[in-house]
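Coordinate inspection notes
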Amino acid sequence: MIDGLPILAWPPHRQLLTILIYHRVLPEHDPLRPGEITAGHFERQVIFLARYFNVLPLREAVQRLRAGRLPRRACCITFDDGYADNLTVALPILEKYCLPATVFVATGYLDGGRMFNDSVIDAIARAAGQVLHLESIGLGQHAIGAVTEKRATIAAILEQLKYQPPGERAALVDKLVDLAGCGPLPTDIMLTSQQVGELAHRGVEIGGHTVAHTILTTLEAATAQQEIAAGKQRLEDITGNPVTTFAYPNGRPNRDYQACHVAMVRELGFELAVSTSHGVANSDSDFFQLPRFVPWGDSLTMLAARMMRNAWTGKAAMTC
């Protein structure tokens, strides 16, 4: 035992790659974003990973997995969407412990944009009163007097909006913000183009995540391909580097993307892609549908146990 943590009994003689998925790293706890990690806990996880794992850049790790040269306890750190705190909060911690990372950026939200889920959360966070009346836009009536009620309201509304056509969803969110009476929402939540360039300059791998983060199965094939291609091109223009890694928006095989989208990603010149299927990548994995692991929870001991179980069970991730 070291610092109360077990030395990981990792499976011997197996090529295994754990790919961690984060979104935001918040300066402090936000009760309406309970799934997002805080800076303090993220640093504790980073210390744990630096001590017990071989943390590699994603592209390098997958190249080594393909070649059968992956070190034991290989791990990658990835962030989805392109939040500004990936640069301002997470990167200084990663640099402190010399760990690499990949940030998958949805380019349509750069330079002042907002993802629909953040607009819903922030509007409800700022809404006054005990009840939010959204009957006029077909989203019902919701209690918002307590934090627990606001959480339940956010979850219910996001579930209703997630698979709406993008244009209709954006219009509904704008109306929701107006009905919440919360005033203008912050416009600095996502990265700017300059910040993406800074991430790349400081050694962070920048990956594609489409333009608008639209779930690909909700789009016509030509539109889906354009979403993927245009996002890739924009990031290459910003960074001056080839963009060879991709993350499917929402990322669940068959429901959020299908085999035709996997083929698009290959054809557009990406070298690998990640999903949100749970599991650990191995030499038999589809390198265009790599699984990832969510490092949730406050206990490092439990995180160690979950990562070990994930590696030992080694169940193949669901693919298209």
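Here the structure is a predicted model, which means the values were calculated and not measured.

**What about helix α6 (residues 166-180)?**
With 15 residues, α6 should cover 21 Å at 1.5 Å per step; its first-to-last C-alpha distance of 21 Å lies within 8% of that length. For α6, the full list of buried residues reads R169, L172, V173, L176, V177 and A180. All buried residues of α6 project into a common sector of 140° when viewed along the axis, lining one side. Exposed residues pointing more than 90 degrees away from the buried face of α6 are listed as G167, D174 and D178.

**Let's talk about the packing of aromatic side chains**
Inspection of every chain in the model, using the stated rule, returns nine aromatic pairs. Ring geometry for Y248 and Y257: centres 3.8 Å apart, planes at 5°, overall stacked. Grouping residues by exposure puts Y248 and Y257 together as buried. Each residue in the set W10, F48, Y52 and F53 is aromatic and connected to the rest through ring pairs, giving one cluster. A cation over a ring is seen here: R66 above F287, with NZ or CZ 4.4 Å from the ring centre. Over the face of the ring belonging to F116 we find R169, whose NZ or CZ atom lies 4.2 Å from the ring centre.

**As for helix α2 (residues 58-66)**
Along α2, the residues classified as buried are L58, A61, V62 and L65. Axial view of α2: buried residues confined to an arc of 95°, hence all on one face. Count one or two residues on from α2 and you reach G68, which has phi positive near 75°.

**Some points on the pattern of salt bridges**
A complete count under the given rule lists 16 salt bridges for this structure. Across the pair R24 and D85 runs a salt bridge, and its minimum N-O distance is 2.8 Å. Of this pair, R24 sits in the loop between β1 (16-22) and β2 (25-26) while D85 sits in helix α3 (residues 85-96), and the two are 61 residues apart along the sequence. In this structure D85 comes out as buried when scored by relative accessible area, which is 5%. For D111, the salt bridge goes to R234, with nearest N and O atoms at 3.3 Å. Of this pair, D111 sits in the loop between β6 (102-105) and α4 (116-126) while R234 is found in helix α8 (residues 221-239), placing the two residues 123 residues apart along the sequence. Accessibility expressed as a relative area gives 45% for D111, which makes it partly exposed. Connected through shared salt-bridge partners, D30, R33, R114, D118, D122 and R126 make up one network.

**Some thoughts on unusual backbone geometry**
The phi torsion at R73 lies on the positive side, around 55°, for a residue other than glycine. Positionally, R73 belongs in the loop between α2 and β5 (74-81). Residue class for R73 comes out buried when judged on its relative accessible area of 15%. Phi is positive for T210, close to 70°, though the residue is something other than glycine. Along the chain, T210 turns up in the loop between β9 (205-208) and α8. The exposure class of T210 is buried, given its relative accessible area of 0%.

Cut-offs applied
Residues numbered from 1 in each chain as written. Predicted model: local features only at pLDDT ≥ 70, side-chain atom pairs only at ≥ 80, totals over all residues. Heavy atoms only, no water. Helix = DSSP H or I, 4+ residues; strand = E, 2+ residues; numbered from the N terminus. Expected span 1.5 Å × (residues − 1). Buried < 20%, exposed > 50% of the residue type's maximum accessible area, 1.4 Å probe, protein only. Arc of directions from axis to C-beta. Phe/Tyr/Trp six-rings, centres within 6.5 Å; stacked < 30°, edge-to-face > 60°. Lys NZ or Arg CZ within 6 Å of the ring centre and 35° of its normal. Salt bridge = Lys/Arg side-chain N within 4 Å of Asp/Glu carboxyl O.

Nothing here speaks to function; it is geometry throughout.
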